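In case you want the letters, here they are:
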Amino acid sequence: MSIRLSCGHCKKVLQVRDEHVGKRVKCPGCANILLVPNVPQAATPTAKPAAPGSPSAPPSKPATASPVTKEPRQAGQTPPTKPPNATKPANKPNPASAARQVQAAAKPAARQPAKGGDTGTRNPAKSAVKPVPPSTKGKAVAPAESKDGSPKRPGVARKGASTSDADLAAELFESPATPKAERKQEKPKPPEDRIVFNCFYCDEQISFPVSEGGKQAPCPQCRRIIKIPKPVKEEPKDWRQPLGPSLAKQTAQPQIEGAWGSIETTTVSRETLIETEAAPEYRDEWTLRDWLVRVGGGLAVVLLLVWGVLAILDFRTQQKQASALELALRYVDAKSETKLPPILAAEVYFGAGLLALREQDAEGSRSHFRSARAQAAAVADNLVQRDAFLAELALAQIDLGSADREQVINGNRLDWNVTQEEIRQSLNLIKRPQRRLWTTLDVCRRLYQKDQPARAEALARLLRPGQEEEADYLAIVGLASVNEDDRQRFADLAHKSYLATRKIRAKPPAMLIALWHFLGVPKKAVEIAPYPRQGSNPSAEARLGYAFGHALRGEWPQARQVALLQPAYPPHQLEAIVAVARVAANEPEVLRDLLEGTAALAESILIRRQPVAPSALTDLIALGSRTELSEEMLSLAERFPPPLKSRARFEHYRSMLRSRENPDYELMQTEAEKGDQADAILLALFARHNARFGSDSTVLGQIRTWEPEHLKPLGYIGVALGIQER
């Protein structure tokens, strides 16, 4: 039979044989010294009937300790007993409840008076307690009484101990009725000064002092020699503490709870999971700021790349332009072996002057323009080309002047006084009166656009070759003016000049007639020449003046009617209708209606060999080529005499190419293969257009094949101008 008791130190439940009752044993868990209690066994005392007259007599029925007795028995009363079947014994006795039952059963017995009035202590010798048979295990039993009548404590009591039996029983016995769930809630915490572990052989939990860590000792249970493990001191983990020397290779760091990067894992890449469709592909939603940053960055990169490419291409283009200009100027150099005709040399210098003017080099442009004027003045065999070239030069020289003092100081432009003198010299070299008159009108209009009316009046007064033409040039300034008061003022000045020279004039001033008609003062115009009527044969100046006045007022039917009025001299009709067409140059539909049938008129003049102003013919080709009559005008230009034909073809192709943005390499090569010196200016025109809208490298390659040699500089200067105009 074994006895179950609990260690008061480590709370371990022990089983001790009953032969160790009353002895001291050592707890195998914590080595604490325990006293094995003497567990009392319930016995049913057998009382003999007392003799008559004895001091006391036992009760007629044995008194059985009842754990359900609630009230103490009074003297002279028989304690109530419960039938044996009334109380159902528990399966396992609870030490704490057993102690309370012992105490409750002992107290009434101690207070029960002896029968016969004996109130003294019961004789222990007369109280026989029979041991409880083994079949009564688990039932409540009454403890044995001591000599003083109190229940005997189980085991051997220590001296000076004041602990009651119930407390000692609750301390030494484990309550079998305690649920296992309640016992598991409070796990014993091993003491800090002892090492607690399980034996390697018997698997019993044992403990040793901390000082024995690392040594060998016998197991208290199986008595085998085991090694006591060393105590492990747990400290907070710190990732900053190295695992070895500072320069040694670091191994895997210990995992720190809550720290980043403390776990080394081997995973499959996200790309592999997406490719195998093992994981879904998630995309983060971009905010407006993300879109702006990314799109802005992408645009910045693209713009940077485009800028870099354009910069490289621009550098190469500038190199080609400089090279083409240099090759062209070699042919006009005094040391050149190839001597160019003056009109071709003038074209090369003129192109170089335009390049310098657009590059803000006013002095260089002025120098090239002066060289071009000098070469044109040397032309004596082709006055048509000469006058047309000088007219273009005068109009180009207007851009040299500027009223901005800063541009003048920096050399970007010239002062207007210098510019005015350059224009005057170019206009004075024009031989044909009509070409010079119309060129002066165009120059004055450009000066008014640049807000230089005083320069226009000065040129008009300086350009008159004789006193009889002063009225026409003053009227031209009035026609070019955009101010009504200036028109009226110049009309009065021109009329006074006409009246002063009327007796010596052979012809009336056509420009003054047009100015008075334009101002709406027909009376003044009639004083100079009567208005043309049907059936009359007006003079050329009257026909031209009134037709031009109607055109300035926008009266196109009246202007055409006056210009083509019958009977008339055909050259006068042609000159009048071309003057009207000049005003409608920017209105293609009106221009076509005005020039309808003029090709036949000009052809009849050529057939009859009637004298006509060359400027009227070339201007007719230039204006008609802007309309649907272009092919008709080209056919007409082919019938012109040789000195006039080259200029007419040039005006036709220039007007035609203004409306085209596609290169035409075949046409240029065809003109070059002719080798005609008179048509060399056409090669400069084609090379300029093809280099602007096509490939400059292709044009340069074609120029190297041209023969004769004097055609090449016109092509080179055209390439340089085309590259600059891109």
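Residues numbered from 1 in each chain as written. Predicted model: local features only at pLDDT ≥ 70, side-chain atom pairs only at ≥ 80, totals over all residues. Heavy atoms only, no water.

**Student:** I'm lost on unusual backbone geometry in this one. Help?
**Tutor:** Negative phi values dominate among residues other than glycine, just as trans dominates among peptide bonds. In this structure, the amide linkage connecting Gln 566 to the following residue, Pro 567, adopts the cis form with an omega of -10°. Here Pro 567 is to be found in the loop between helix H18 (556-563) and helix H19 (570-583). Residues Glu 707 and Pro 708 are joined by a peptide bond in cis, for which omega reads 5°. Relative to the helices and strands, Pro 708 is located in the loop between helix H27 (696-703) and helix H28 (712-724). One non-glycine residue, Asp 203, lies in positive phi territory at about 60°. Here Asp 203 shows up in the loop between strand E5 (194-198) and strand E6 (205-209). Its identity as a non-glycine residue notwithstanding, Gln 360 has a phi of 65°, on the positive side. (Helix = DSSP H or I, 4+ residues; strand = E, 2+ residues; numbered from the N terminus.)

**Student:** Would you mind going over the packing of aromatic side chains with me for this structure?
**Tutor:** Here the distance between the centres and the angle between the planes together describe a pair of aromatic rings. Inspection of the entire model under this criterion finds seven aromatic pairs. Aromatic side chains Phe 350 and Phe 389 sit 5.6 Å apart centroid to centroid with 75° between the ring planes, which places their arrangement in the edge-to-face category. Of this pair, Phe 350 sits in helix H6 (residues 342-358) while Phe 389 sits in helix H8 (residues 383-397), and the two are 39 residues apart along the sequence. With relative accessibility at 1%, the residue Phe 389 sits in the buried group. Pairing Tyr 653 with Phe 686 gives two aromatic rings, centres 5.4 Å apart and planes at 75°, and the pair type is edge-to-face. Taken together, the positions of Tyr 653 in helix H24 (residues 642-657) and Phe 686 in helix H26 (residues 680-693) put the pair 33 residues apart, joining distant regions of the chain. Tyr 653 gets classed as buried once you look at its relative accessible area, which sits at 8%. When its relative accessible area of 3% is taken as the criterion, Phe 686 is described as buried. (Phe/Tyr/Trp six-rings, centres within 6.5 Å; stacked < 30°, edge-to-face > 60°. Buried < 20%, exposed > 50% of the residue type's maximum accessible area, 1.4 Å probe, protein only.)

**Student:** For this particular structure, what's the right way to read H26?
**Tutor:** One turn of an α-helix holds 3.6 residues; hence residues three or four places apart share an orientation. Counted at 1.5 Å a residue, the expected span for H26 with its 14 residues is 20 Å, and the 21 Å between its end C-alpha atoms agrees. A large share of H26 lies buried, amounting to eleven of its 14 residues. Within H26, burial applies to Ala 680, Ile 681, Leu 682, Leu 683, Ala 684, Leu 685, Phe 686, Ala 687, His 689, Asn 690 and Ala 691. Buried positions along H26 lie against H6, H8, H24, helix H25 (665-674), H27 and H28. (Expected span 1.5 Å × (residues − 1). Contact = heavy atoms within 4.5 Å.)

**Student:** In this structure, what is going on with the pattern of salt bridges? I would like to understand it.
**Tutor:** Considering all chains together, one arrives at 35 salt bridges under this definition. The network of salt bridges with common partners includes Glu 638, Lys 645, Arg 649, Glu 671, Lys 674 and Asp 679. (Salt bridge = Lys/Arg side-chain N within 4 Å of Asp/Glu carboxyl O.)

**Student:** Even after reading the chapter, I still don't get the environment of Cys 199, so can you show me in this structure?
**Tutor:** Examined against the element boundaries, Cys 199 turns out to sit in the loop between E5 and E6. Not counting residues up to four positions away in its chain, the partners in contact with Cys 199 are Glu 204, Ile 206, Cys 219, Cys 222 and Ile 226.

**Student:** What's the story with the side chain of Gln 452 in this structure? I'm lost.
**Tutor:** In this structure, Gln 452 sits in the loop between helix H11 (433-449) and helix H12 (453-463). Excluding residues within four positions of it along the chain, Gln 452 makes contact with Ala 403, Trp 416 and Leu 447.

**Student:** I keep staring at the pairing of E5 and nothing clicks. Help me out?
**Tutor:** Taken residue by residue, a regular strand's side chains alternate between the two faces of the sheet. Bridge analysis of E5 against E6 gives five bridges, and the strand direction is antiparallel. Each residue of the ladder has a partner; that of Val 196, found in E6, is Ser 207. Counted between consecutive antiparallel strands, the loop separating E5 from E6 contains six residues, among which Asp 203 sits at a positive phi close to 60°. (Pairing = 2+ DSSP bridges.)

**Student:** I tried to follow the layout of surface pockets on my own but got confused; where do I start?
**Tutor:** In this approach, a probe sized like a water molecule rolls over the atoms, and the result shows the empty space that is left. A volume near 1600 Å³ is recorded for the second largest pocket. Residue lining of the second largest pocket: 48 residues in total, with Glu 392, Leu 395, Arg 626, Arg 654 and Arg 658 positioned closest to the centre. Taken together, the residues of the lining of the second largest pocket break down into 24 nonpolar, six polar and 18 charged. (1 Å grid on protein atoms, 1.4 Å probe; cavity = no way out; pocket = protein on both sides within 12 Å on 5 of 7 lines; lining within 4 Å. Points joined across faces, edges and corners; volume = space filled by probe spheres on them. Nonpolar A, V, L, I, M, F, W, Y, C, P; charged D, E, K, R; others polar.)

**Student:** Explanation requested: the packing of helix H22 (residues 614-624) against H24 in the structure shown.
**Tutor:** A packed helix pair is summarised by two numbers, namely the angle formed by the two axes and the spacing between the axes. Between H22 and H24, the least distance of the axes is 8 Å, while the angle of their chain directions is 30°. On the basis of their axis angle, the class for H22 and H24 is roughly parallel. Crossing handedness for the pair H22 and H24: right-handed. Residue-level inspection shows Pro 614, Leu 617, Thr 618, Ile 621 and Ala 622 of H22 in contact with H24, the latter providing Leu 644, Arg 647, Ala 648, Glu 651, His 652 and Ser 655. When grouped by side-chain class, the residues that make up the contact of H22 with H24 number six nonpolar, three polar and two charged. (Axes fitted to C-alpha atoms, helices over the stretch in contact; angles between N-to-C directions. Parallel < 35°, antiparallel > 145°, perpendicular 65-115°, else oblique. Left-handed = near helix turned anticlockwise from the far one by under 90°.)

**Student:** When you look at the packing of H19 against H22 in this model, what are you seeing that I'm missing?
**Tutor:** Relative orientation of the contacting elements H19 and H22 amounts to 45°, with a least axis distance of 10 Å. With respect to their mutual orientation, H19 and H22 come out oblique. H22 is crossed by H19, and the crossing has left-handed handedness. Together, Leu 574, Glu 575, Val 578, Ala 581 and Arg 582 of H19 and Ala 616, Leu 617, Asp 619, Leu 620 and Leu 623 of H22 make up the contact between the two elements. Tallied by class, the residues present in the contact of H19 with H22 amount to seven nonpolar, no polar and three charged.

**Student:** Looking at this structure, how should I read H27?
**Tutor:** All of the buried residues along H27 are Asp 696, Val 699, Leu 700, Gln 702 and Ile 703. Angularly, the buried residues of H27 cover 160° about the axis, an arc narrow enough to put them on a single face. Structurally, H27 contributes buried residues whose contacts are with helix H5 (288-331), H25, H26 and H28. (Arc of directions from axis to C-beta.)

**Student:** I tried to follow the nonpolar core on my own but got confused; where do I start?
**Tutor:** One recurring pattern in soluble globular proteins: nonpolar side chains tend to sit buried together. If you look at the biggest cluster of nonpolar residues, it comprises 137 residues, and the most contacted ones within it are Phe 548, Leu 574 and Val 719. If we skip the residues at most four places from it in the chain, Val 719 touches Ala 324, Ala 687, Ala 691, Asp 696, Val 699, Leu 700 and Ile 703. Leu 14, Cys 27, Cys 30 and Leu 34 belong to the second largest nonpolar core, which has eleven residues in total. (Core = buried A, V, L, I, M, F, W, Y, C linked by side-chain atoms within 4.5 Å.)

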